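# Topology and contacts: notes
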Amino acid sequence: MAEELVLTRHQGKPGLTTIEGYRKVGGYAALRRAIEMGAEAVIAEVKASGLRGRGGAAFPTGTKWGFLPQGVFPRYLAVNADESEPGCFKDRVLIEEYPHQLLEGVLIAAYALQASHAFIYIRGEYRLQREILEAATREVYAAGMAGRKILGTDWDCELIVHGGAGAYICGEETALLDSLEGRRGQPRLKPPFPAIKGLYGQPTVVNNVETLSNLPYIVTEGGAAYAALGTEGSPGTRLFCVSGHVERPGTFEVPMGRTSFRDLLGLAGGVWRGRQFKAMQPGGGSMQVLGPQHLDVPLDFKAVADAGSALGAGALVVMDETTCLVDVATRLVDFYRHESCGKCVPCREGTYFESELMHRLEEGRASREELATLADICAGMDGRCFCPLGDTATWFVMSAYRMFTQEFEDHCGAGHCPVRSRVGAAA
Amino acid sequence: MSDRDGAVPAADLDPAVVARIRELRTLYPLARSAVLPALWAVQDRIGYLPAWSEEVVGRELGLLPADVAAVASFYSMYFGRPVGRHVIQVCQNVSCALRGADDLLDHLRGWLGVDGEGESPDGAFSLEGTVECLGACGGGPMMQVDRYSYESLTPERAEAILTEIRETNPEGPVGG
Ligand SMILES: Cc1cc2nc3c(=O)[nH]c(=O)nc-3n(C[C@H](O)[C@H](O)[C@H](O)COP(=O)(O)O)c2cc1C
Ligand code: SF4
Ligand code: FES
């Protein structure tokens, strides 16, 4: 497969984590090019690329940049490196292997937006990755590409790597800004959106690591060339994380729209141990389950939405025939219970009751009536929470219940997990 | 998040840490933004956040100690009490669970002599109880020890890794 790649096109070349090695593959030429083109022209190329945010919500990047109010300064860029979505590890790969590609993308965006500061908010657990970025940042300062009068222009921009301290909710853009301001990381009411009133009440763009890592290519090759790698509705390429019951888990960069879930599964070596495919979760822990009937769906925003799920943050978790979907749903519900920030009642209380009930169900101690209660709890949460965390805490479990109703019902009053014991008997 | 009885006078804090906090303060448009990095600077030096660290950080950044404490308590990675010399996290989220994370965790609990979560009797390790996805799902089951992750583990391999860490880094976290 001789597909053109963007994010991983330099894969295997030596020394990419140093500025010297990155320059050898043409690194930082795109930043110079962007400055020659001027901010407006860069924004136009990003719009032409059709690039949509890779952090989960898939909002068109150029459009988001266009929301910044004219003439209001200072402005900030916040880079979302909080990657905590279960099943996602692509931003980590982009940071570990291509830190300068990310920093070049950050500087291009900061230049296009005329930001005075770019903050990279990285989850606390990524300690090693934070140190990699800090080292790369020092090199960028030493090369005169951050700080005062960057590359001889009148543009000043500080580049700051900021470590979080363990809270999934800080990946939500407004919680991230509160955390960056030195507060508890809890979501803010929107509107106003960050583009209007963000960090310190000033216009702020929040973009994901992968989103920004595409910019050097877009500036060098042009927005149209980037768009053409994918399809009209899903331009460009994407770095998908494949994990779970596959032979070779890992990240795979593929063109969007023209690749299917089955292709991606094939790249990961197929279902492991010669077993049958049972289910998959695209997008990370927040998204709805899909079944074998969806394997030929292309990695296209609309096609996946029509199938009842979303590409979210670009993960694919594969489950083989031995998997208990009630167990998987219980783990995800526990995750949301643990990560609920506690600000609003439907999420704080809902995830608690959801989790208590799911544990009873998984252990075979829940009744059929309780299964109906589960649906009621989720209905009371979805669409009623302050931020999307609470809504998404219901999506996997309810979609699994709909697709695997019999499996959920078989758990009721069974006294144990019927799937695990069936699997145990077969093994 | 606090350790009121074991209070140590703030004067005992390494001056290099105070200097670091003052430097951090100047990086941000508002000093308050330096709270998280300042707390990290203290914890990196002494392994946890004693109650007096809220006062030191508050004093340097112009915040009330209670305000600093309220922020610190929100985040799961700040420790209010001393912990083992190496912190072990075994991810229990879906991708790792599908590949045997529960067995790995059970095994390590037994091997370390830790009931659920907490310190091993020799003080070398702290095992965390609830650990969510650590962004190494392609290498499940995995554990993170201090700042490094160890992937595609079997119980035997995990034991061997921890044994080596205990012997080669007796003083504290791997990598400083
Ligand atoms: C609960 C929650 C967690 C999120 N976590 C992340 C994250 O870890 N990384 C990320 O880039 N976006 C995350 N997002 C999405 C961000 O709010 C935001 O949409 C994104 O950073 C914007 O960047 P993009 O347009 O480049 O995708 C999260 C959203 C929610 C609601
Ligand atoms: S939905 Fe959950 S995470 Fe979001 S604000 Fe409410 S309590 Fe916090
Ligand atoms: S699910 Fe274990 S590291 Fe992501």
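Here, the structure is the one placed above.
Residue numbering note: each chain is counted from 1, following its sequence as written. Ligands are numbered from 1 and chains lettered from A, in the order in which they are written. Only residues with pLDDT of at least 70 get local features here, since the model is predicted, and only at 80 or more are side-chain atom pairs given and counted; chain-wide, interface and lining totals rely on the full set of residues. Water and hydrogen atoms were dropped before computing side-chain values, which therefore reflect all heavy atoms in the structure.

## Some remarks on the layout of surface pockets
All names here are of chain A. Quick reminder of the rule: A pocket here means an open set of points on a 1 Å grid, computed over the protein atoms alone, that has protein on both sides within 12 Å along at least five of seven lines. A cavity is instead a set of points where a 1.4 Å probe fits but cannot get out; residues with an atom within 4 Å of a point line either one. Grid points are joined across faces, edges and corners, and a volume is the space filled by probe spheres set on the points. Runs of E in the DSSP output that reach at least two residues are strands. Runs of H or I that reach at least four are helices, and both are numbered from the N terminus. All residues other than Ala, Val, Leu, Ile, Met, Phe, Trp, Tyr, Cys, Pro, Asp, Glu, Lys and Arg, Gly among them, are scored as polar; the first ten of these are nonpolar and the last four charged.
Put simply, the second largest pocket is a space of about 1,200 Å³. Lining the second largest pocket are 45 residues, and of these G55, G56, A57, G171 and E173 lie nearest its centre. Mapped by element, the contributors of at least two residues to the lining of the second largest pocket are α4 (61–66), α5 (90–97), β4 (204–208) and α17 (388–392). Per element, the largest residue contribution to the lining of the second largest pocket is five residues, and it comes from β4. Here the residues of the lining of the second largest pocket sort into 19 nonpolar, 15 polar and 11 charged.

## Quick notes on the site of ligand 1
Residues and elements named next belong to chain A. Definition in use: The nearness test applies per residue and asks whether one of its heavy atoms lies within 4 Å of the molecule or strand. Any N or O atom pair separated by 3.5 Å or less is treated as a polar contact, with the protein-specific requirement of one donor-capable and one acceptor-capable atom, and with residues adjacent in sequence counted only for side-chain atom pairs. In these tables, accessible area is a Shrake-Rupley quantity obtained with a 1.4 Å probe, and a residue counts as shielded only by the protein chains included in the view. Any molecule with more than half of its atoms within 2 Å of a cavity's or pocket's grid points is counted as sitting in it.
In the region of ligand 1, 18 residues are neighbours, and G55, K64, N80, N208 and T211 sit closest. The contact in question runs from an oxygen atom of ligand 1 to an N or O atom on the backbone of G55, over 2.8 Å. Here an oxygen atom of ligand 1 sits 2.7 Å away from a polar atom, N or O, in the side chain of N208. Surface burial for ligand 1 is 90%, taken as the share of its 610 Å² of free accessible area covered by protein chains. Comparing atom positions with the cavity grids shows ligand 1 to sit within the second largest pocket. Of the residues forming the shell around ligand 1, the biggest block, three residues, is contributed by β4. Here the shell around ligand 1 is composed, by residue class, of four nonpolar, eight polar and six charged.

## Section: the sheet that holds strand β2 (residues 117–122) of chain A
Residues and elements named next belong to chain A. Keep this limit in mind: When DSSP finds two or more bridges between two strands, those strands count as paired. Helix axes are fitted to C-alpha atoms over the stretch in contact, other axes to C-alpha atoms as well, and angles between N-to-C directions run from 0 to 180 degrees.
Read from one edge to the other, the open sheet built from four strands follows the order β3-β2-β1-β4, with strand pairing classed as parallel. Since the sheet does not close on itself, it has two edges, and those belong to β3 (158–163) and β4, each with one partner. Strand-to-strand twist across the sheet, computed as the mean angle between neighbouring axes with direction ignored, equals 20°. Pairing geometry for β2 and β3, over six bridges, is parallel.

## Focus on the packing of aromatic side chains
Selection criterion: Here a pair means two rings of Phe, Tyr or Trp (six-membered ring of Trp) with centres within 6.5 Å. Their orientation is stacked below 30 degrees between planes, edge-to-face above 60, and tilted elsewhere. Only protein chains enter the accessibility calculation, which uses a 1.4 Å probe. A residue is then buried if its area is under 20% of the maximum for its type, exposed if over 50%, and partly exposed in between.
Within this structure, the stated rule accounts for 15 aromatic pairs over all chains. Ring centres of A:F119 and B:Y28 lie 5.9 Å apart, and the angle between their planes is 5°; on these two criteria the pair is classed as stacked. A residue pair is termed interchain when its members come from two chains, as with A:F119 in strand β2 and B:Y28 in the loop between α1 (15–27) and α2 (35–46). Across this residue pair, the class does not change: A:F119 and B:Y28 are buried.

## Points about the interface of chain B and chain A
Keep this limit in mind: In this description, contact between two residues means that some pair of their heavy atoms is separated by no more than 4.5 Å. Computed with a 1.4 Å rolling probe, the buried area is the accessible surface lost when two parts are put together, summed over both parts. A pair is scored as a salt bridge if a Lys or Arg side-chain nitrogen falls within 4 Å of a carboxyl oxygen belonging to Asp or Glu.
Every contact between the two is made by 40 residues of chain B and, on the other side, 55 residues of chain A. Together chain B and chain A conceal approximately 3,900 Å² of surface at their shared face, both sides included; 55% is due to carbon and sulfur atoms. Together, B:F74, B:L98 and B:R147 form the three largest contributors to the area buried by chain B at its contact with chain A, with a combined 18%. Between A:R127 and B:D44 there is a salt bridge, and its shortest N-O distance comes to 2.8 Å. Here chain B and chain A share 26 residue pairs in polar contact (both at pLDDT 80 or more) between them. Broken down by secondary-structure element, the contributors of at least two residues to the side of chain B that touches chain A are α2, α4 (65–72), α5 (94–97) and β5 (148–150) of chain B. Sorting elements by how many residues they give to the side of chain B that touches chain A places α2(B) first, with five residues. A class-by-class count of the residues in the side of chain B that touches chain A yields 22 nonpolar, 11 polar and seven charged.

## Things to note about the packing of helix α16 (residues 368–381) of chain A against helix α18 (residues 395–403) of chain A
Residue and element names in this part refer to chain A. Note the following rule: With respect to orientation, any angle under 35 degrees is reported as roughly parallel, any angle over 145 as roughly antiparallel, any angle of 65 to 115 as roughly perpendicular, and every other angle as oblique. Crossing handedness is defined as follows: a turn of the near helix away from the far one that is anticlockwise and smaller than a right angle gives a left-handed crossing, while the clockwise case is right-handed.
One way to put it is that α16 packs onto α18 with a least axis distance of 10 Å and a crossing angle of 140°. In this view, α16 runs oblique relative to α18, as classed from their interaxial angle. Along this stretch, α16 crosses α18, giving a crossing that reads as left-handed. Note on element contacts: α18 touches α16 through V397, M398 and Y401, opposite L371, L374, A375 and C378. Of the residues assigned to the contact of α16 with α18, the class counts are seven nonpolar, no polar and no charged.

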